[in-house]
Amino acid sequence: MILTRKEFLGLLNERIHYLDGAYGTEFFRSGFKGVIEILNIENKEMVYSLQKAYVEAGVDFLLTNTFSANRLKLETLKVNYDLRDINYNAVKIAKMAAANKNVYILGDISSTGHFIKPFGEISFNEAYDVFKEQSEILLNAGVDGFIIETISDLKELKAAILAIRDLDDDIPIIAHMTFNKNGVSVTGTSVEIFVTLLNDLDVDVIGTNCTLAPEELVPVFKKISEYSKKPVSVEPNAGKPRLQRDGSVIYKVSRERFAICMEDFIEMGSNIIGGCCGTSPDHIKFMIEFLGKVKSKKRNILLKEFVSSRTKIKSTEPFLIIGEKINASGKKNFQRKIREKNTEKIVELAITQEQEGAHVLDVNLGIEKLLESSHFTTVINELDKVSSLPLSLDIQQYEFMEEALKEYVGRPIINSSTCKTEQLDKAIYLLKRYGGILILLTMKDKIPKTAKERAEIAKNAIKYLEKNGINKERVFVDPLVLPIGAKKDPYVTIEAINILSRSGINTSIGLSNLSFGMPNREALNSAFLALCINEGLSAAILNTSERSTMNVIFGSLMLKGIEITEKKKFFENPIVNMILKKKETDLKREIEKLLEDYSPLQISQDILSKAMEYVGELYSKGEIHLPELILAAETVSPIFEFLNSLIEEKDNKQITTILLATVEGDVHDIGKKIVGTVLKSAGFNIIDLGKDVPANVILSAIKKYNPDILGLSAMMTTTIGKIKEVKDLLKNENIKIPIIAGGASMNGEIAKKFGVFYAKNASDALKLVKKLLKDIEKVIG
Amino acid sequence: MTYLPNDIEFMPSKKMIFARLGVRYKNVDQYFNKKVNDIYVEGMKYSKPKVWWKIFDRVPESIMPEEFSGVKKIVVFVSTLGKHIDVRIDKYMKNNEILNGTILDAWASEALEALNESFDIRLRHMFGEGTRRFSPGYGNVDIRENKTVIRLMKIESIKVFESGVMIPRKTTTCMIGWW
């Protein structure tokens, strides 16, 4: 069977469709331990039997056993079999299991196991190539569609989507991300940010899977169902893993409870339903029998438009304030810094404009002839690192714009296109491929003189965009503000805004052009803006430092009965603010001032470390996200090093050492690295032994470094037993050291059984370390 | 004849439970949803569903629905969730856990309805379309005639009060006719 996208969507229109359940946990339940994709070569029968059971359970879609079968992940897992054979066999086995049944095969794609820059070490293009390589094999082997699942980084998901779509523009794609209970992924992306970008990208179904049990996933899915303009899908876990007395791991949610809970997703309008970790053919069979093959419910979809960065999202209503200050045109020093890839000023401007009330940041790097694409990607990554506001990419050269869009995480503004057909075609391509909102200039080669002409040209361009799949809500027309200093009539722009607004078209202006070369610019800008808003203006690129201008926005909108409520994120402790805003220089200056009254050790332990503890709490409460936490840790690290260099040797011995390791057989260490970074940023000395570390190596390291605390990580249900192994080995050697264990498969109950402490995340680990140190102090002291 | 249904056959839709409780499914908050899920699973644990059924050429006049006139065959069936669910509902009520008791009662009523519906479908697969399903308390048949039905079916484990109320409480008597 070959399934076109039209046919696929036709199927979903008929009724709810069912995916299969877990593979890994099912193979482990059968006693297999290891990399499950190897079974595609070594034990095809085992894969076939499980897939046959899913087919008999009544699924409509069967996933290939290729979750980790991409080059990077297989390398990390030290799998020596040929990537091609693993993937090709997977499709062959799935097809055999589905033979003579109305079951379609979906190529299963998941993470490379590495973060993409700026948070990881691989580039977007590397990730793209890895996904393309795997997808091509699956496609040639004959899959009917793809599912990308268990991805926690929106950038990685984008790379996977583009890779598949570039191979085949008519193959169905289901794209999932995985979220925590608070509806935010570990990389700080909210459900709303994910869905509003995926609405633009060329996928067929938007959904979520893994991490959470069905009941926990309901609020997450509710948002997907509200924001998604495409069909939606869901695959929850069967609860959290629990360790049994015999050492095996079970998932708590029974098939009955799973089925009952899954009705919630039908009620919320799900089109595709399946199971993730811990679900078995029995769960899936029972669920399908209970829920039946009914028609999907109609959803109430939110039709608002949004712009977003990786961590921040803004509705385009009622008015979009776009900060203009990251603009190097005509500023020699600023341009020089950009050419040197010194982004300090850009980051500073991003932070200032956010504090001044901007919703979006316009980024114009000046004379592009002097730049390369890496300048654009550097700026975008640096702004991503500081969790900046959404960006308006004011880039002239098409190649640079495409590179920037590729690198950008979120839904940006593409600034801009004229109404010329060639330019519109390019804009259509970019909008469809990367998502976003377009600023459309009311001109072709020349700027029309009258308002009517400008409005007309824009209306025709919008018709063209709509004909090509870009709805007018994704377009902001800029009716062009020209300098009054050059004797240009500002009322032409105002009239054009009026005409366009009456036709339900969004408008945006570059406000400061008006007063270029004039004295008292703020007065002119604010007065003009008030007139424009009165005529229906919906956005402006402006100078957020101009208080009159900013006040005019709020005042003018209030007069129209619209109130903008702004939530600003400032914290009382100035050191916390400096840490969170990456003000390294200010922080160092502050610390130097404190050194006049306090000892380096006091500052390290009582001031800086406490500030980081507070940052950890903000993360736990969801007030800041992972990128901000990592950034904060990176900001304070050099300050700690500076303080440590001042601490006398006798005092240096007071610094706590923590030894970290991922246990033998486990290669996951992103979480552990985050823990290490946060602990280090709190002033602790961290020794990280890496991943896949045997118990005897950990023992030797303890003897060598004499740490105060040992931190162990185990991600897999099959490797958590190794934590106990380390604990027992240390006991036999009569070494008494507190052990903190963490990782996806750990929980408090298992930790208690092992006789170790449990930390859920980095912030938890920090709190626990401090508590343990106090306890140790009490015992000694 | 007796029939022991499988789990699916008496699992009601949550939508129906919420409706019986006077709540719209889409307005249900997480806390209440979880409570209903908990009680749902508990209801399944405490239920011992069973169906007694017999085919008759004729049934006593007093339980014969007017709509069945001319039928050649009547299947009478009695369905129950058993006594344990009653005990559990009572326990909640006695302990002043009124919400739990109310949800479990609503669940049990819907579970019994789901069971009747499943068995109805099963019979129609065997015998064809037939009349609509009929129970005493509707049309011309007095609810007190439950006693007649239980006597006709010779079921000793179900007690019928003069009022027609049956113990276990989650029990129904039904009939379907075929021409």
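The following paragraphs examine the structure supplied in this document. (Residues numbered from 1 in each chain as written. Chains lettered and ligands numbered in written order. Predicted model: local features only at pLDDT ≥ 70, side-chain atom pairs only at ≥ 80, totals over all residues. Heavy atoms only, no water.)

### Comments concerning the pairing of strand S23 (residues 709–713) of chain A
The two faces of a sheet get side chains in turn, since along a regular strand they alternate between them. Residues and elements named next belong to chain A. Using the following cut-off: Between buried and exposed lies partly exposed: a residue is buried under 20% and exposed over 50% of the maximum accessible area for its type, with that area taken using a 1.4 Å probe on protein chains only. Here a strand is any run of E in DSSP of at least two residues, a helix any run of H or I of at least four, and the numbering for each starts at the N terminus. Here a strand pair is declared whenever DSSP counts at least two bridges between the two strands.
Buried residues dominate S23, accounting for five of its five residues. Two elements, strand S21 (residues 657–662) and S23, share five bridges in a ladder whose sense is parallel. If you follow Leu660 over to S23, its bridge partner there is Gly711. Here S23 pairs with strand S24 (residues 739–742) via four bridges, running parallel. Bridge assignment links Leu710 to a residue of S24, and that residue is Ile739.

### Structural notes on the packing of aromatic side chains
Using the following cut-off: In summary, the pairing rule links any two rings of Phe, Tyr or Trp, Trp by its six-membered ring, whose centres are within 6.5 Å, and it sorts them by plane angle into stacked for under 30 degrees, edge-to-face for over 60 and tilted for everything else. Only when the NZ of Lys or the CZ of Arg is both within 6 Å of the ring centre and within 35 degrees of the ring normal is a charge said to sit over the ring.
Across all of its chains, the model carries 18 aromatic pairs over all chains by this definition. Geometrically, the ring pair formed by A:Tyr23 and A:Phe27 is edge-to-face, given 6.3 Å between the ring centres and 65° between the ring planes. Geometrically, the ring pair formed by A:Tyr227 and A:Phe306 is tilted, given 5.6 Å between the ring centres and 45° between the ring planes. Of the two residues, A:Tyr227 sits in helix H10 (residues 214–227) while A:Phe306 sits in strand S11 (residues 306–308), which places them 79 residues apart along the sequence. The exposure class assigned to A:Phe306 is buried, which follows from its relative accessible area of 9%. Here the aromatic residues A:Phe290, B:Phe10, B:Tyr40 and B:Trp107 are joined through ring pairs into a cluster of three or more. Positioned above the aromatic ring of A:Phe334 is the side chain of A:Lys345, whose terminal nitrogen or guanidinium carbon lies 5.4 Å from the ring centre. Sitting over the ring of A:Tyr398, A:Lys426 keeps its end group 5.2 Å from the ring centre.

### Some remarks on the sheet that holds strand S6 (residues 171–178) of chain B
All names here are of chain B. Quick note on the threshold: Contacts are residue-level and defined by heavy atoms, with any inter-residue pair within 4.5 Å sufficient. All axes here are fitted lines through C-alpha atoms, helices being fitted over the stretch that makes contact, and every angle between N-to-C directions spans 0 to 180 degrees.
Reading across the sheet, the four strands line up as S1-S2-S3-S6 and stay open at both edges, with antiparallel pairing between neighbours. In this open sheet, the two strands that pair with only one neighbour each are strand S1 (2–3) and S6. Examined bridge by bridge, strand S3 (residues 73–80) and S6 share eight bridges and lie antiparallel to one another. Bridging across to S6, Thr80 finds its partner in Thr171. Against the sheet, helix H4 (residues 98–127) makes contact with S1, strand S2 (50–56), S3 and S6, and its axis sits at roughly 150° relative to S3, the strand it touches most. On top of the sheet, helix H5 (residues 146–153) reaches S2, S3 and S6; it is set at about 100° to S3, its chief contact.

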